[in-house]
Amino acid sequence: EVLSKMRFFALERGGLSGPIPSSFGKIKSLLLLDFDFNQLDGTLPRQLWSLTNLRQLDLNDNNFEGELSGDIGKLKQLRFFQIDNNQLEGAIPRALGDIPNFSLIGLSGNDFVGAMPEKICDLRPSPLQTLVVDCSIECDIPECCTSCVPERRV
């Protein structure tokens, strides 16, 4: 009962490991979910994409892998999305462009390939003020991406 009313969950630098529990998808009232700088891994649970009230999703600096699902486009209220420095791969989903009020998207430090979908670029410069990707992604700077990050050295 108490969890069903939770609006903010932030455990940045919490020393967490393992996957994000799929049960987080049941907390429909969440506005902010922040797991930055942990050791979380696995794929992002599909239940995350049912958190339709979410305004901020911070998953930077973990070990998430797999592809970023196009179902992220269901999060129409999202303003801030940071998933930098993980191990995500594949194309950047065009569905990110379905989220109308983005202010910031951080995708750098992953293994995404290809070009930035035009639908996402159409959000620039307003409402989308910041869009950061790896320099290997085809993206016009500053018209679409605000900056690119050189490939990380392993």
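What you see is a predicted model; the values in this text were computed from it and never measured. (Residues numbered from 1 in each chain as written. Predicted model: local features only at pLDDT ≥ 70, side-chain atom pairs only at ≥ 80, totals over all residues. Heavy atoms only, no water.)

## Concerning the packing of aromatic side chains
A ring pair, where both rings are aromatic, is described by two values, the distance of the centres and the angle of the planes. Throughout the structure, instances matching the rule amount to three aromatic pairs. A centroid spacing of 5.0 Å and a plane angle of 70° characterise the contact between Phe9 and Phe24, whose relative ring orientation is edge-to-face. Residue Phe9 is found in strand S1 (residues 8-10), and its partner Phe24 is found in the loop between strand S2 (17-18) and strand S3 (32-34); the two are separated by 15 residues along the sequence. With relative accessibility at 21%, the residue Phe9 sits in the partly exposed group. A relative accessible area of 12% places Phe24 in the buried class. One aromatic cluster is present, built from ring pairs that chain together Phe9, Phe24 and Phe35. Directly above the aromatic system of Phe37 lies the positively charged group of Arg13, at a separation of 4.0 Å from the ring centroid. (Phe/Tyr/Trp six-rings, centres within 6.5 Å; stacked < 30°, edge-to-face > 60°. Helix = DSSP H or I, 4+ residues; strand = E, 2+ residues; numbered from the N terminus. Buried < 20%, exposed > 50% of the residue type's maximum accessible area, 1.4 Å probe, protein only. Lys NZ or Arg CZ within 6 Å of the ring centre and 35° of its normal.)

## Considering the pattern of salt bridges
Tallied over the full model, the rule gives one salt bridge. Ionic pairing is found between Lys119 and Asp98, a salt bridge with its closest N-O pair at 2.2 Å. Taken together, the residues Lys119 in helix H1 (residues 118-121) and Asp98 in the loop between strand S8 (87-91) and strand S9 (104-106) connect sequence positions 21 residues apart. The class for Asp98 is partly exposed, based on a relative accessible area of 28%. (Salt bridge = Lys/Arg side-chain N within 4 Å of Asp/Glu carboxyl O.)

## Topic: the state of the cysteines
All chains considered together, the criterion is met by three disulfides. Shown here is the disulfide that connects Cys121 with Cys144, its sulfur atoms set 2.0 Å apart. The chirality of the disulfide connecting Cys121 with Cys144 is left-handed, given an S-S dihedral of about -80°. Placement of Cys121 in helix H1 and of Cys144 in the loop between strand S11 (130-134) and strand S12 (147-149) is noted, with a sequence separation of 23 residues between them. One disulfide bridge connects Cys139 with Cys145, the sulfur atoms lying 1.9 Å from each other. The chirality of the disulfide connecting Cys139 with Cys145 is right-handed, given an S-S dihedral of about 100°. Cys145 shares its class with Cys139; the two are buried. (Disulfide = S-S within 2.5 Å.)

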